[in-house]
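Chain residues, written in single-letter form:
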Amino acid sequence: MRAARCTEYGPPSGISVVELDDPEPGPGEVVVRVHAAAVNYPDVLIAADRYQVSAPLPFTPGSEFAGVVTALGPGVAGPAVGSPMAGAVLSGAFAEQVVAPLAALRPIPDGLDMVHAAAFHVTYNTAYHALVTVGGATAGEWAAVLGAAGGVGSATVDVAKRLGLRVVAAASSEERLATARKLGADAGIDYVREDLKSRIRELTGGEGAHLVVDPVGGDHAEAALRALRRDGRFVTVGYADGRIPRIPLNLVLLKNLVVRGFEARTIRRTDPDAAAAAARALAGMVRDGMRPLVSRVHPLSEVAAALTDVAERRTTGKIVLDMEAR
Ligand SMILES: NC(=O)c1ccc[n+]([C@@H]2O[C@H](COP(=O)([O-])OP(=O)(O)OC[C@H]3O[C@@H](n4cnc5c(N)ncnc54)[C@H](OP(=O)(O)O)[C@@H]3O)[C@@H](O)[C@H]2O)c1
């Protein structure tokens with residue numbers, strides 16, 4: 001099978017496409033013929049060995065896929081061979097076949113094709129849990145979403161509007177804010193050229209946001225936290241900026257703020273009830289027409305360029321690799 005390969009940690013330019021033996025499933029594992037794989041920011045971090053968890057060299061990058069089950073390992077009773085499934089793994093998805101533990105697979109919500117299914121689970125589950133499970137969002141509240149044209153950010157704007165929230169989107173250009181507005185954002189802030197804290201306050205009628213969802217970090221995190229109203233909630237989900245913010249705790253004390261984190265990889269194990277509730281809610285939204293914003297589809301041969309575009313902040317929504325495209 002054709003597969004992307006990372007033989008030393010570093011920038012995406014070092015990743016090539018090679019021919020590998022087809023994988024065999026071990027106990028508790030399933031082989032999926034990959035139709036499409038989404039490019040996620042953490043794939044860049046894993047290739048550079050800058051992620052929370054290391055992938056031992058050499059490895060095939062790629063953490064999110066959609067495809068069809070082709071083989072079941074010992075002890076696995078289902079899903080049946082031929083079933084369409086999506087999945088999330090640490091690595092292995094940028095290939096024509098991936099071997100994954102059964103627990104890594106999820107059914108594809110009705111209505112999503114393979115490209116959109118590959119781009120759905122990580123960002124939309126992160127968005128839903130950040131807003132609802134840990135963010136406690138209620139219809140009518142103001143949510144400020146940073147990196148609002150990115151993968152997690154665009155999904156958060158989309159889900160927030162479907163939950164009846166009012167959304168202030170923050171991004172680095174007018175063009176990127178237009179992407180967030182198309183998803184329903186009520187207002188936009190160019191946080192490179194405008195003062196994030198004062199603009200969030202102004203746009204929310206002077207009082208500030210009820211909730212911030214932050215996949216970016218860096219200096220924007222503290223500015224957004226300062227723009228929360230009393231009893232506001234700040235949810236940290238990622239650090240695309242590259243710098244992990246260090247917030248003075250007196251800011252939290254002064255306005256009774258709540259700061260929480262959310263981590264998607266472990267939620268199905270740590271809180272299965274919340275994971276099931278999110279899956280039900282998101283499936284309903286997909287039935288109502290919700291689709292992840294896929295801005296570009298590339299063949300596997302362009303994997304290094306696709307990862308470089310994500311690393312260098314040149315993408316909106318999601319980029320997907322189509323394994324059947326040449
Ligand atoms: N907690 C979880 O479970 C979870 C799940 C998925 C992802 N994440 C994390 O969330 C973060 C965002 O992921 P994503 O998939 O949304 O990534 P993405 O699609 O690349 O979006 C990240 C956004 O961050 C902004 N940004 C600001 N400074 C940046 C910089 N120096 N380099 C790149 N982007 C920068 C960019 O928007 P502007 O140019 O408009 O500022 C970009 O659109 C990552 O750190 C990822 O690891 C966490």
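This one's a predicted model, so the numbers in the text were calculated from it and none came from an experiment.

On to the overall build of the protein, then. Across its full length, the protein holds eleven helices and 15 strands. At 20 Å, the protein has a C-alpha radius of gyration in line with the 20 Å of a compact globule built from 326 residues. Each principal axis of the C-alpha distribution contributes one length, and for the protein these read about 60 × 40 × 35 Å. Taking all 326 residues of the protein together, 54% fall into the buried category. Sequence separation of 24 or more characterises 69% of the internal contacts of the protein that already satisfy a separation of 6 or more. As presented, the protein carries roughly 13800 Å² of accessible surface, and 52% of it is formed by carbon and sulfur atoms. Counting 34 positive and 36 negative side-chain charges, the protein places the centres of these two groups 6 Å from one another.

So, on to the layout of surface pockets. Here the second largest pocket defines a volume of roughly 300 Å³. Elements with a minimum of two residues in the lining of the second largest pocket: strand S7 (105-107), helix H3 (121-133), helix H9 (267-270) and helix H10 (272-287). The biggest single contributor to the lining of the second largest pocket is H10, with seven residues. Here the residues of the lining of the second largest pocket are counted per class, giving eleven nonpolar, three polar and four charged.

Our next topic: helix H11 (residues 303-311). With respect to burial, H11 is a largely interior element, seven of its nine residues being buried. By the burial criterion, the buried members of H11 are Val303, Ala304, Ala306, Leu307, Thr308, Asp309 and Val310. For H11, the elements touching its buried residues are strand S1 (2-5), strand S2 (16-19), strand S3 (29-39), helix H1 (41-47), strand S14 (294-299) and strand S15 (318-322). Taken from the residues just after H11, arginine 313 is the one with a positive phi, measuring 65°.

Looking now at the site of the ligand. As a matter of local geometry, the ligand sits amid 23 residues, with Ser172, Tyr191, Phe262, Ala264 and Arg313 nearest to it. A distance of 2.8 Å separates an oxygen atom of the ligand from a polar atom in the side chain of arginine 176. A distance of 2.4 Å is found between an oxygen atom of the ligand and a side-chain nitrogen or oxygen belonging to tyrosine 191. Out of a free accessible area of 900 Å², the ligand has 90% covered by protein chains.

Once that is clear, we can look at helix H5 (residues 174-182). All of the buried residues along H5 are Arg176, Leu177, Thr179 and Ala180. Projected down its long axis, H5 shows its buried positions confined to an angular sector of 150°, all on one face. Projecting away from the buried face of H5 at angles above 90 degrees are the exposed residues Glu175 and Lys182. Buried residues belonging to H5 abut helix H4 (151-162), strand S9 (166-171) and strand S10 (187-190). Looking one or two residues past H5, glycine 184 carries a phi angle of roughly 115°, positive in sign.

Turning our attention to the sheet that holds strand S8 (residues 142-145). Strand pairing in a sheet is mediated by backbone hydrogen bonds. Such pairs are either parallel or antiparallel. Taken in spatial order, the six strands line up as S10-S9-S8-S11-S12-S13 in an open sheet, and their pairing is parallel. If you trace the sheet from one side to the other, it starts and ends with S10 and strand S13 (258-261), each paired once. Neighbour to neighbour, the strand axes of the sheet diverge by 20° on average, direction disregarded. As defined by bridge partners, strand S11 (residues 209-214) adjoins strand S12 (residues 228-236) across five bridges and the pair is classed as parallel. Considered in S12, the bridge of leucine 211 is made with arginine 233.

For the protein, the domain assignment lists domain 1 (2-120 + 292-322) and domain 2 (123-266). Taking only C-alpha atoms, the centre of domain 1 and the centre of domain 2 are 28 Å apart. With 15 residues of domain 1 at the interface, the matching set in domain 2 holds 15 residues. Both faces considered, domain 1 and domain 2 share a buried interface measuring about 1200 Å² in area, 47% of it formed by carbon and sulfur atoms. Counting across the domain 1 and domain 2 interface gives zero salt bridges. Taken together, the residues of the side of domain 1 that touches domain 2 sort by class into seven nonpolar, four polar and four charged.

Definitions and cut-offs
- Residues numbered from 1 in each chain as written.
- Predicted model: local features only at pLDDT ≥ 70, side-chain atom pairs only at ≥ 80, totals over all residues.
- Heavy atoms only, no water.
- Helix = DSSP H or I, 4+ residues; strand = E, 2+ residues; numbered from the N terminus.
- Rg over C-alpha atoms; globule rule 2.2 N^0.38 Å.
- Buried < 20%, exposed > 50% of the residue type's maximum accessible area, 1.4 Å probe, protein only.
- Contact = heavy atoms within 4.5 Å.
- Areas by Shrake-Rupley, 256 points an atom, 1.4 Å probe, with all protein chains shown as cover.
- Lys, Arg positive; Asp, Glu negative; His and termini not counted.
- Charge placed at Lys NZ, Arg CZ, Asp CG, Glu CD.
- 1 Å grid on protein atoms, 1.4 Å probe; cavity = no way out; pocket = protein on both sides within 12 Å on 5 of 7 lines; lining within 4 Å.
- Points joined across faces, edges and corners; volume = space filled by probe spheres on them.
- Nonpolar A, V, L, I, M, F, W, Y, C, P; charged D, E, K, R; others polar.
- Near = heavy atom within 4 Å.
- Polar contact = N/O pair within 3.5 Å; in protein donor to acceptor, adjacent residues only side chain to side chain.
- Arc of directions from axis to C-beta.
- Pairing = 2+ DSSP bridges.
- Axes fitted to C-alpha atoms, helices over the stretch in contact; angles between N-to-C directions.
- Domains from an automatic or database assignment.
- Buried area = accessible area lost by both parts, 1.4 Å probe.
- Salt bridge = Lys/Arg side-chain N within 4 Å of Asp/Glu carboxyl O.

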